[in-house]
Structures are given as C-alpha cells and as structure tokens.
Amino acid sequence: MTAFLLRRLAYLTVLVVVATVVAYFLAATQLNPRSRYEGRNPPPPPAAVDAILDELNLNDKTPVIDRFTRWAGGLLHGDLGRTIDNTPVSEEMSRRMWVSLRLMLLGSILGTVLGVAAGAYGAIRQYHFSDHLITVSSFIVLAVPTVVLAVLVKNAGISLNDLLGFTGETKLLYTTGEITPGLDSWSLAGISNRIAHLALPTFVLMSGAIAFYSRYQRNAMLDVLGSDFLRTAQAKGLTRPQALVKHGLRTALIPMATFFAYQFALLFVGATFTERVFGWHGMGELFVESITKNDVNTVAGVTLFVAVLVLLAGFLSDLVYAALDPRVRV
Amino acid sequence: MAERASSQILSEQTDAQGDSDVVEAVSRTRLVARRFLRRRPAVGGLAVLALLFAVAYLAPFVTPWQYNQLDTNAFLSPPSAVHWFGTTQTGFDMLALTTRGLQKSLIVGLVGAVLSTALAAVVGAFSGYFGGTLNTVLLTIIDLLLVLPSFLIIAILSPLFRDHTWLVFVLLLAAFQWMVTARIVRGLTLSLKEREFVAAARFMGAPAWKIIVRHILPNMASFLIIDATINVSSLILAEVGLSFFGFGVQPPDVSLGTLIGDNAGAALSYPWEFYFPSGFLIALILAINLVGDGLRDALDPNAVFQGRR
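Quantities reported herein were computed from a predicted structural model and do not represent experimental measurements.

A.B. asks: So what about the overall build of chain B? Which residues, and what values?
C.D. replies: Helix and strand content of chain B: 13 helices and zero strands. Going from the N terminus to the C terminus, chain B shows its helices and strands as α-α-α-α-α-α-α-α-α-α-α-α-α. Within chain B, the fraction of its 309 residues that count as buried is 42%.

Set out below in structure tokens:
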C-alpha cells in the first residue's frame, strides 16, 4: 500500500513538473514582455530595456533554453523569479492567495452545506413541491454564467443601496474591494465593513455551489433511499430521521467526496470572474493579469501553484473517502 | 449493430415480464423518441433551441442592420422601432450583434462538443482496447492535460488565433474538454471487449479499428450522445469566460461572451447593451441543459417509467 502511494506521489510530482515546464515554454515563446517598453514616448534606449529585461530574466534575445535554465535553477532554491513589475513572484502570490481565501471561504462552506442539505431534502421529498422548487431553481442558476450572475447581483446591491437611501459614503452593501481604505481591520467598524463588502460576492459564490451540489446530492441520495440497509436500520428501531441521517446521508456523501476535495483545493484560484466584477485583487486576477501583462514568470508560478493544488485535491479526496467509507480503511 | 443488440435485450425484458398481452415491437429509436417526447421540459428546451437557431440565422435577413454596420444617427439609443434592441456607444445595432454572437456561440458549442466527444471516444476506446504501452502513453497525456490550467494555456495562445480563424479557438477549447470522458470511455471499453460479440468479430478476423468503430463505440452511443450534449453547454460557457477577458473571439467579430464582457459595466446605465445578450445566453444554456436531461432519461435503459414505455 505504501509502495503504491509513493509510486503514485512520484508520478504526480513528475506531472506537476512537466506541466510547469510546458507552461513556462509556452509563455516564454508566446508572450512578449518587450511590448511593455515599446510605443513609449520618448522611447527608452534599447540598451536600457535590454538591461531591465535581462535582470528580470525576460529578454527575448536570450535563447529560451538559457532563460529556462536560469529560472529552473532559481526554482530549485524556492525562488519563483520576478514579476514584470520587478517584485518577487512568490510574494505577490502569497499576498493574493489570502485575498482569494478570504473571498471564497465563507461562500464555499455555506454553498456546500446548504447545497448538500437542499439536495438531500429534495430527494427525501421527491416529487413534492419543495423538490420541484429546488430542482427548477438549481437548473436556472446553473444556466446563468457566473459573470452574468455576478453583474446581476452587483447591480441589485447598488439598486438596494439607492432604494434604502444609502447614497453617501457609507453603504449597506459595498460592491468593490475588500474593505474601505483607512479602516482598522480588526475594529468593530472594520469587521462590519468587511462583512458588508463580502455579502454580495459570497451570495454569488454560494448560489453557484448550492445549485451544483444539490443536483448531485439529490441523485446520490435517491440511490441510497431505496436500499435495503436503510429499511434494516428502521427495522432495528431507529426512527426514520435517525436512519436517514446516520445511514442515508452518510452513504450518499461518499461519491461527493471528490467534489469537496477539488473545491477545497481550488478555493485559492476558483473565483476569477467574481473577483473581476467585485474588484478583489486575488489569485484569479493575477491569473488573468499575468497574461495581459506578458508576465512570463508569474504565468509559470501560477501554473505551478494550480498544478500542486490539483494534486493535493486528488490526495484529499482519497482521505475524505477513507474518512467516510470504512471499507477503504484496511 | 447496437440497435439490434439493444432491441434484443428489450425483447428479452418484455418476455421476462410474461404479459399475456401482445407486446408491440418498438425499435430503439422510436422508443427513445417516445420517451423523450413524454418529458415536457425537454420538449420545451428543444423548442427554445430551435427558436434560437431560427433567430440566429434568420434575423440577419429580416433586420435592416448588420453586425458590422454603423448607424451614425443613433449612439446608445434605447430599444426603438428602428433598433429593436437599441444601439451601442459606436452605433452598432444590438439586435444584429446579439444574433451574430448567438450564431458564434451555437457554432462554438456544437462543433467543439462533437470534436471533443469524438476525440474522447477514439482515445478512450483505443487505450482501453489495446492496453499496454499505448494505454500508458494516452493516460499520461490525459493526466497532464488535466493538471495544466486550460484557461491559462488558451489565453496564452490567444494571439495565435487573433489573426486567423476562430476555428483554432474551437479546436483549443475542445482539446481541453475531452479528458474525463476519455477515461470513462476507456473503462466502458475494458468491459465491452470481453463480451462475446467482440470475441466473435475478432475470431472472424475483423481488424481492431473495425471492431472499435463497428462494435465497441456503437454500444456506448447513449453515453456519448449525453456527453456531447453536456459538452455543448460547458463549451459555450468556456467561450463566454475566455471572451469576457478578451482571450476568446476577437474583434471585429463578436460572440455572446465578448458582448457580455464589453457591456458588463454598462448594465446599470444602458441595460439593453447587457441584458439582451445575457438573456439569450441564459435561454440557450437552459434549453441545452433541459434537452440533455431529457435525453439522459430517454436513453437510460434503467429509467423507470410509469405506464407504457
């Protein structure tokens, strides 16, 4: 078993390395960091541009293999290189990682719990009005792209502010950023300000998660509801709600483990659209900006980060499986 | 072949029920069609889809404005008799832009879905049927593509299709869509290749590719059809996401994604610029999902139906 796990780990590590190398070469050959200095008025001297690009390891006059060797050498010492703005890539990423986490944590947890609850409830009340209501609403939410949902929720928030007379500086719900600049993060005012900023994006993330999980959880629960062990559990004296929770829900949660694990891992990068619409400077934004700014080292860094997360998610899903399904624990 | 095999299974099932009534023999296709038509949401979805197709391809003949045609007398005009959906800041007709975008989304979704499902079917079936080194190589490629962030890769490569046709874009989208399906196809192939009819074909001397194309793939046709339907909506959404950030369909061409991306900021002040493309997109995705759901139920041999089948 250990040998198998180790082999698996080695294989996945190789995959992460290959993926990062592929991303580096693609970015280094396709993106053009020099364009940042072109078309400036007055044009900077070519020698100066070359010197800057050399320092950042972004000069397209250096053969790509040399640039890669230098970058990979740094990576072995834990150095992800420098961004096009001449700051360390790792610093940028670790700062934005927490922004993304603060944005997504609440929405994901609420969305997962409520989605699972709604799906399980819908399955128990199959073909009743509440089941139809849950099914129809999740169908509609799943058909609305996150971008559109985010814009709709943002505009609804703005309208609500206007309607309730919050037209000044202080608003009921904020639609841009994390916190009003200048507020102390941990004072009472700061925390309530943060919550007012977080409410709308959390709603967006939550509705998507609820719609997604309730569909899957309903199917998983329906499969379990007809099973013999549930009837046996009631026959040995459990009430129906007890049997449903202890034996039904727990069994129905097992196939969902993979989704949980991947969602947990992608917490750090999964909200690109929500970040853009609500103006949060998280990993998702870095993702997009690294390409528009021709920032080769950041592209490679972000790819490495995502690849490692996907890897961890695979392992995490195995762990959750083991926790929920006693048959896996040998 | 698949049709014959499955209708045989069906006739066995009806025999097993032992009804004294004479059971009408129904072909697989008619059975599926009948089950599909009994689902009202699915039929509604199909109707909406047909309507959207008609709007996308017929509206340019009906409306006086084309998507690349400026009306210099109407900037940012709200919906009116002349411009039913209003105009943009530069005087483009929103109706013409929306129908053009709808065309693009439909094509991207359909072409991409067919490509990605076909690729998944071929790779999965070959890797499952032949096993060995080919299997290892293909599985490694699948794992690698799953680890690579597709959004990032397509975005990096977007300058490639900036000057060329959007077909490159569709190819790229499809190239990152097929991996999970290919794995499932591989699993199905592993069990199918042990079946008697495959062994019979092999003993008759049929070449491997012929066995795959004529015997293995037709037997998972239901799964492939459902997968392709799901892929249509996820590809349309992927296109919207990429185009929203400017990495997808490139100007002067438009798609629903570019329209939504360009006008997301104008949703409050000039709502017609945002809500018409978004509304069409939502209707499109909803219709496709409903059709996919109906197909899944209609094609599933284990689905329980009340009354006659």
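A.B. asks: Account for the nonpolar core, with residues named and values stated.
C.D. replies: Membership of the largest hydrophobic core comes to 148 residues, with the highest contact counts inside it found for A27, V147, A150 and V299 of chain A together with L152, L173 and I260 of chain B. Element by element, the count of residues in this core is highest for helix α4 (residues 94–130) of chain B, at 15 residues. Ignoring sequence-local partners within four residues, the contact set of V147 of chain A consists of F273 and V277 of chain A together with V240, F244, I260 and A264 of chain B.

A.B. asks: Kindly report on helix α6 (residues 146–163) of chain A, identifying the contributing residues and their values.
C.D. replies: For α6 of chain A, which comprises 18 residues, the first-to-last C-alpha distance of 25 Å matches the rise-based estimate of 26 Å (1.5 Å per residue) to within 8%. Of all the residues in α6 of chain A, the buried ones are T146, V147, V148, L149, A150, V151, V153, K154 and G157 of chain A. Buried residues in α6 of chain A make contact with α7 (188–225) and α11 (272–278) of chain A together with α11 (221–244), α12 (256–263) and α13 (271–299) of chain B. Following α6 of chain A by one or two positions, G165 of chain A adopts a phi angle in the positive range, close to 85°.

A.B. asks: Could you give me a rundown of the interface of chain B and chain A, with the residues and numbers involved?
C.D. replies: On the chain A side, the residues contacting the 27 residues of chain B number 32 residues. In terms of residue count, α13 of chain B provides more of the side of chain B that touches chain A than any other element does, seven residues in total.

A.B. asks: I'd love a proper account of the packing of α6 of chain A against α7 of chain A, names of residues and values included.
C.D. replies: Any two packed helices are characterised by the angle at which their axes cross and by the distance between the axes. Residue and element names in this part refer to chain A. It is at 9 Å that the axes of α6 and α7 come closest, and there the two elements cross at 140°. On the basis of the axis angle, α6 is oblique to α7. As α6 packs across α7, the resulting crossing turns out to be right-handed. Together, T146, L149, A150, V153, K154 and G157 of α6 and L200, F203, V204, S207 and G208 of α7 make up the contact between the two elements. Among the residues forming the contact of α6 with α7, the class breakdown is six nonpolar, four polar and one charged.

Basis of the calculations
- Residues numbered from 1 in each chain as written.
- Chains lettered and ligands numbered in written order.
- Predicted model: local features only at pLDDT ≥ 70, side-chain atom pairs only at ≥ 80, totals over all residues.
- Helix = DSSP H or I, 4+ residues; strand = E, 2+ residues; numbered from the N terminus.
- Buried ≥ 20, exposed ≤ 12 C-beta atoms within 10 Å, placed from the backbone.
- Core = buried A, V, L, I, M, F, W, Y, C linked by C-beta atoms within 7 Å.
- Contact = placed C-beta atoms within 7 Å.
- Expected span 1.5 Å × (residues − 1).
- Axes fitted to C-alpha atoms, helices over the stretch in contact; angles between N-to-C directions.
- Parallel < 35°, antiparallel > 145°, perpendicular 65-115°, else oblique.
- Left-handed = near helix turned anticlockwise from the far one by under 90°.
- Nonpolar A, V, L, I, M, F, W, Y, C, P; charged D, E, K, R; others polar.

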